[in-house]
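Structural features, examined
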Amino acid sequence: MVNGRVREDSLEIRVENKQIEEKMLTEAMYALGISKETFSLVDEKIHHRKLVLSDPEATHRLMSNLHLVKEGRFLTFQSPPYMKECCGRSLIRGVFLGGGSIGEPSKAYQMEFLLRTRADAKQISNMLSSLQIQAKALQRKDERFVVYVKDGDSISNLLGIMGASGTMMEFENTRILKDIRNSINREVNCDTANSLKTANTGARQVDDIQYIARKQGLSSLPVPLQEICQIRLQFPYLSLQELGEEMDPPLGKSGVRHRLKKISDLADELRKGE
């Protein structure tokens, strides 16, 4: 446990906010049948406080009930040979409260468990795997270990497994808004790309038509090609389908493409002749 340690016969648990403090006290009271007054609250830093259990008998009983063992000054969890699924969920919830974090879902999906030892990281990874949650582990520069989950569905499922239904709903709402925003951006980008492509194609076709006009005049072309040249010069930014709708009678997209291809080929031949 990153935020739990033992000093002689006392147990210290670092808490980062009021909600975690209340949760730790409630769980300890349930496990030991003791009152809140058994714990003392000590200011550690500006943003942290410590819950301190100074009663040696209560400390021993809490560690025994929760299968906690000392590893140097810190605590680790020694899972029993047969652990019920509900106990596994409680363990994961406790590890997250003791050293977990979740990223802002509007930016990136990431949920982390910070652990002291490789053995702890492996145990949590295996437990997550048994719950169909795919997690990865890495060692940080400070030699602590991080077990992390980066898949949105897995994070949502894990929040549900830990009983954080309210947070899970907020996470899902943010995911929905993010997906909608990304979908809109993709459509806008696609529309922009298509518009640029149409504009570039139209500009190239106008250039071909003007080149032919300078070299031999548009009147030298067959009437169908003259018509398509006039329409394209009049509407340089329209798509092929829109160009066809401007003609009288209207011409299909493939017909417009065919005529403009002839214009392009003729312009290329004239350029080669130079």
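Since the structure is predicted, the reported quantities are computational estimates derived from the model, not experimental observations.

As for a nonpolar patch on the surface
- A cluster of nonpolar side chains, contributed by Ile-176, Leu-177, Ile-180, Ile-184 and Val-188, occupies part of the molecular surface with about 450 Å² of accessible area.
- Looking at the element boundaries, Leu-177 is found in helix H6 (residues 165–215).

What to know about unusual backbone geometry
- In this structure, Pro-249 follows Asp-248 across a cis peptide bond, with omega equal to 0 degrees.
- Within the fold, Pro-249 resides in the loop between helix H8 (240–246) and helix H9 (253–273).
- Even without glycine at this site, Gln-132 takes up a positive phi of about 65 degrees.
- If you trace the backbone, Gln-132 turns up in the loop between helix H4 (118–130) and strand S9 (136–139).

Quick notes on H4
- Its 13 residues give H4 an end-to-end C-alpha distance of 18 Å, which sits within 8% of 18 Å, the value for a rise of 1.5 Å per residue.
- All of the buried residues in H4 are Asp-120, Ala-121, Gln-123, Ile-124, Ser-125, Met-127 and Leu-128.

Focus on H9
- Between the first and last C-alpha of H9 there are 31 Å, a value that for 21 residues agrees with the 30 Å anticipated at 1.5 Å per step.
- For H9, the set of buried residues is Val-256, Arg-259, Leu-260, Ile-263 and Ala-267. Down the axis of H9, the buried set is contained in an arc of 95 degrees. They therefore lie on one face. Turned more than 90 degrees from where H9 packs its buried face, Ser-254, Glu-269, Lys-272 and Gly-273 sit exposed.

Topic: the pairing of S9
- Taken together, the four bridges between S9 and strand S10 (residues 145–149) define a ladder with antiparallel strand orientation. Within S10, the position partnered with Ala-137 by the bridge is Val-147.
- Linking S9 back to S10 in an antiparallel pair, the connection comprises five residues, with Glu-143 at a positive phi of about 75 degrees.

A few points about the packing of helix H5 (residues 152–161) against H6
- The contact between H5 and H6 brings their axes to 8 Å, and the two run at 160 degrees. It follows from the interaxial angle that H5 and H6 lie roughly antiparallel. Here H5 and H6 pass one another in a crossing that is left-handed. Together, Gly-152, Asp-153, Ile-155, Ser-156, Leu-159 and Gly-160 of H5 and Thr-167, Met-168, Phe-171, Glu-172 and Arg-175 of H6 make up the contact between the two elements.

A few points about the sheet that holds S9
- A sheet is described by the order of its strands in space; here four strands give the open sequence S7-S8-S10-S9, paired in antiparallel fashion. Because the sheet does not close on itself, it has two edges, and the strands there are strand S7 (100–102) and S9. The average undirected angle you get between the axes of adjacent strands in this sheet is 20 degrees.
- The pairing of S7 with strand S8 (residues 111–115) spans three bridges and is antiparallel.

Description of the pattern of salt bridges
- Taken as a whole, this structure holds seven salt bridges when the rule is applied.
- Glu-172 serves as the salt-bridge partner of Arg-175, at 3.1 Å between the closest nitrogen and oxygen. In this pair, Arg-175 and Glu-172 both sit in helix H6, three residues apart, roughly one turn of the helix.
- Put simply, Asp-268 and Arg-271 hold a salt bridge, and the shortest N to O gap is 3.5 Å. One end of the pair is Asp-268 and the other is Arg-271, both in helix H9 and three residues apart, which spans about a single turn.
- Look at the salt bridges and you will find they share partners, linking Asp-207, Asp-208, Asp-268 and Arg-271 into a network.

Procedures and definitions
- Residues numbered from 1 in each chain as written.
- Predicted model: local features only at pLDDT ≥ 70, side-chain atom pairs only at ≥ 80, totals over all residues.
- Heavy atoms only, no water.
- Patch = residues over 30% accessible without salt bridge, like charges linked within 9 Å, V, L, I, M, F, W, Y side chains within 5 Å.
- Areas by Shrake-Rupley, 256 points an atom, 1.4 Å probe, with all protein chains shown as cover.
- Salt bridge = Lys/Arg side-chain N within 4 Å of Asp/Glu carboxyl O.
- Helix = DSSP H or I, 4+ residues; strand = E, 2+ residues; numbered from the N terminus.
- Expected span 1.5 Å × (residues − 1).
- Buried < 20%, exposed > 50% of the residue type's maximum accessible area, 1.4 Å probe, protein only.
- Arc of directions from axis to C-beta.
- Pairing = 2+ DSSP bridges.
- Axes fitted to C-alpha atoms, helices over the stretch in contact; angles between N-to-C directions.
- Parallel < 35°, antiparallel > 145°, perpendicular 65-115°, else oblique.
- Left-handed = near helix turned anticlockwise from the far one by under 90°.
- Contact = heavy atoms within 4.5 Å.

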